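Observations on chain architecture
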Amino acid sequence: MLIRRPPDIPPSEITSESVYQRRRELLKGLAVAVPALLAGCGRGQDAGATTAPAAMPPELPVARRGEYTLPDAQTSWQDATHYNNYYEFGTDKDDPAKHSGRFESQPWTVEVAGQAEVTGRFTLEDILKPHALEERVYRMRCVEAWSMVIPWVGIPLGAVLKRFKPTSDAKYVAFTTVERPAQMPGLSYPVLDWPYREGLRLDEAMHPLTLLAVGLYGRALPNQNGAPLRLVVPWKYGFKGIKSIVRIEFATHQPKTAWNQSAPNEYGFYSNVNPDVNHPRWSQATERRIAGSGGFNLLGNRIATLPFNGYAEQVAALYAGMDLRRNF
Ligand SMILES: Nc1nc2c(c(=O)[nH]1)N[C@H]1C(S)=C(S)[C@@H](COP(=O)(O)O)O[C@H]1N2
Ligand SMILES: [Mo]
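Criteria and thresholds
Residues numbered from 1 in each chain as written. Chains lettered and ligands numbered in written order. Predicted model: local features only at pLDDT ≥ 70, side-chain atom pairs only at ≥ 80, totals over all residues. Heavy atoms only, no water. Helix = DSSP H or I, 4+ residues; strand = E, 2+ residues; numbered from the N terminus. Buried < 20%, exposed > 50% of the residue type's maximum accessible area, 1.4 Å probe, protein only. Contact = heavy atoms within 4.5 Å. Areas by Shrake-Rupley, 256 points an atom, 1.4 Å probe, with all protein chains shown as cover. Near = heavy atom within 4 Å. Polar contact = N/O pair within 3.5 Å; in protein donor to acceptor, adjacent residues only side chain to side chain. Nonpolar A, V, L, I, M, F, W, Y, C, P; charged D, E, K, R; others polar. Pairing = 2+ DSSP bridges. Phe/Tyr/Trp six-rings, centres within 6.5 Å; stacked < 30°, edge-to-face > 60°. Lys NZ or Arg CZ within 6 Å of the ring centre and 35° of its normal. Core = buried A, V, L, I, M, F, W, Y, C linked by side-chain atoms within 4.5 Å. Axes fitted to C-alpha atoms, helices over the stretch in contact; angles between N-to-C directions. Salt bridge = Lys/Arg side-chain N within 4 Å of Asp/Glu carboxyl O.

**Here we look at the overall build of the protein chain**
Broken down by element type, the protein chain carries eight helices and 13 strands. Within the protein chain, the fraction of its 328 residues that count as buried is 53%. Put simply, 73% of the contacts in the protein chain that link residues at least 6 apart link residues at least 24 apart. Carbon together with sulfur atoms contributes 51% to the accessible area of the protein chain, which is approximately 14500 Å² in total.

**Notes on the site of ligand 1**
Around ligand 1, the structure places 15 residues, and the nearest of them are Asn84, Tyr87, Glu88, Gly241 and Lys243. Asparagine 85 places a main-chain nitrogen or oxygen 3.1 Å from a nitrogen atom of ligand 1. The separation between a nitrogen atom of ligand 1 and a polar side-chain atom of glutamate 88 is 2.8 Å. When ligand 1 is considered free in solution it has 530 Å² of accessible area, and contact with the protein chains removes 96% of it. For the shell around ligand 1, a count of residues per class yields six nonpolar, six polar and three charged.

**Here we look at the pairing of strand β3 (residues 120-123)**
Judged from the four bridges that link them, strand β2 (residues 109-114) and β3 form a sheet pairing that is antiparallel. The residue of β3 that forms the bridge with valine 110 is phenylalanine 122. Connecting the antiparallel pair β2 and β3 is a turn made up of five residues.

**Some remarks on the packing of aromatic side chains**
Tallied over the full model, the rule gives 17 aromatic pairs. On the numbers, 5.4 Å between centres and 75° between planes, the contact of phenylalanine 239 with tyrosine 267 is edge-to-face. You can see phenylalanine 239 sitting in the loop between β10 (230-232) and β11 (245-251) and its partner tyrosine 267 sitting in the loop between α7 (258-262) and β12 (286-289), a full 28 residues away along the chain. For the pair phenylalanine 239 and tyrosine 267, a shared accessibility class is recorded, and that class is buried. One Lys or Arg, lysine 240, reaches over the ring of phenylalanine 269 and ends 4.1 Å from the middle of that ring.

**Concerning the pairing of β11**
Note: β2 against β11, four bridges, orientation parallel. Bridge pairing in β11 links glutamate 111 to arginine 247.

**Brief notes about the side chain of threonine 210**
Within the secondary structure, threonine 210 sits in the loop between α6 (202-206) and β8 (211-216). From its side chain, threonine 210 meets the backbone oxygen of glutamate 204 in a polar contact 2.8 Å long. Discounting chain neighbours no more than four positions away, the residues touching threonine 210 are Ile155, Pro156, Leu157, Leu200, Glu204, Ala205, Val232, Val233 and Trp235.

**Observations concerning the nonpolar core**
Formed by 83 residues in total, the largest nonpolar core has its most connected members in Ile127, Trp152, Phe175, Leu212, Leu231, Trp235 and Phe250. For this core, the element with the most residues is strand β5 (residues 146-156), which contributes seven residues. Excluding its chain neighbours within four sequence positions, the residues that come into contact with isoleucine 127 are Val110, Phe122, Ile155, Val160, Arg163, Phe164, Leu212 and Leu229.

**Considering unusual backbone geometry**
With an omega of -5°, the peptide bond between tryptophan 194 and proline 195 qualifies as cis. Among the secondary structure elements, proline 195 is positioned in the loop between β6 (172-177) and β7 (197-201). Of the consecutive residues alanine 227 and proline 228, the connecting peptide bond is found in the cis state with omega at 0°. Note that proline 228 resides in the loop between β9 (219-220) and β10.

**Digging into the sheet that holds β6**
Read across the open sheet, the five strands follow the order β3-β2-β11-β6-β7; overall the sheet is mixed. With one partner strand each, in any of the chains shown, β3 and β7 form the two edges of the open sheet. Averaged over all pairs of adjacent strands, the angle between strand axes in this sheet comes to 20°, irrespective of strand direction.

**Some words on the pattern of salt bridges**
One pass over the structure, following the stated rule, counts 19 salt bridges. Between glutamate 144 and lysine 93 there is a salt bridge, with the nearest N and O atoms lying 3.1 Å from each other. Of the two residues, glutamate 144 sits in the loop between β4 (134-141) and β5 while lysine 93 sits in the loop between α2 (77-82) and α3 (95-99), which places them 51 residues apart along the sequence. Each of the salt bridges in this network shares a partner with another, and the network as a whole consists of Asp72, Arg139, Arg141, Glu287 and Arg289.

This is the structure:
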């Protein structure tokens, strides 16, 4: 696969004429998409409403499907939205679904900063506007050795980043999660150095597999999955998939990341799924797949973990010549 780096991308391509007409068509869809997205995510349920089933988020007008599929059985909606890591809402797997009802994901703005020609504060609509929503079925692998198969809805991050015209000094992209103690009870505990932060090298961020997700299973993201927008980087451990993003910074130097700061010997900057590099406290050779007819299965569905989570063909070239044991 050809990996295009930013210097190869002419500025004219940012609103290329060839896709202009198609975008005009899609804008009709987006006029529906964005309000639906916003309407579904922000409604605060009663604080502490731990048992009432949350309303299903609205359906999104997905313009493209079927380009990224997998033979693997998909994880159920129930498991994907009730077995979560989102420490701002608590560290147990069911905490995010239980304690994110008060979180308001609208209105939403994202600050774009750093080494780029276009910076400032943008509404969610501004960020998403020119792009068609795609569905992509990706394998997700948590560093805790479980995995899921999820049909995400989003747009390629690279297409979004290009519009800000990163300069030649931009080598990395840093992301920050919103920090709202009144709506995020987990922030009261110093489990991580809040706010949650993640980062990618610019070429990783621009890679066609890297998705800025706004939904899953054809619906807007529930709060526990990172409403209203989060990162999905399928060849890296799940923690790279930072949720509820409020800041994107084009950086010259490798940015600090939340997990690397809290436990540098356990979580490196690169965080590529690598069955040959064990976590200091457990093996990474296999994973428990949470998917299929058995649904959630604590003991079963153990499968071998693949290098780069099965995406080696597409991404291994990004790391040519690097020692991936040292750069874990
Ligand atoms: N802000 C924030 N983002 C986060 C996390 C978190 O605790 N806070 N957890 C990460 C981890 S460890 C994983 S495995 C994925 C889980 O995403 P999911 O709950 O949608 O499956 O989110 C990642 N993004
Ligand atoms: Mo994770």
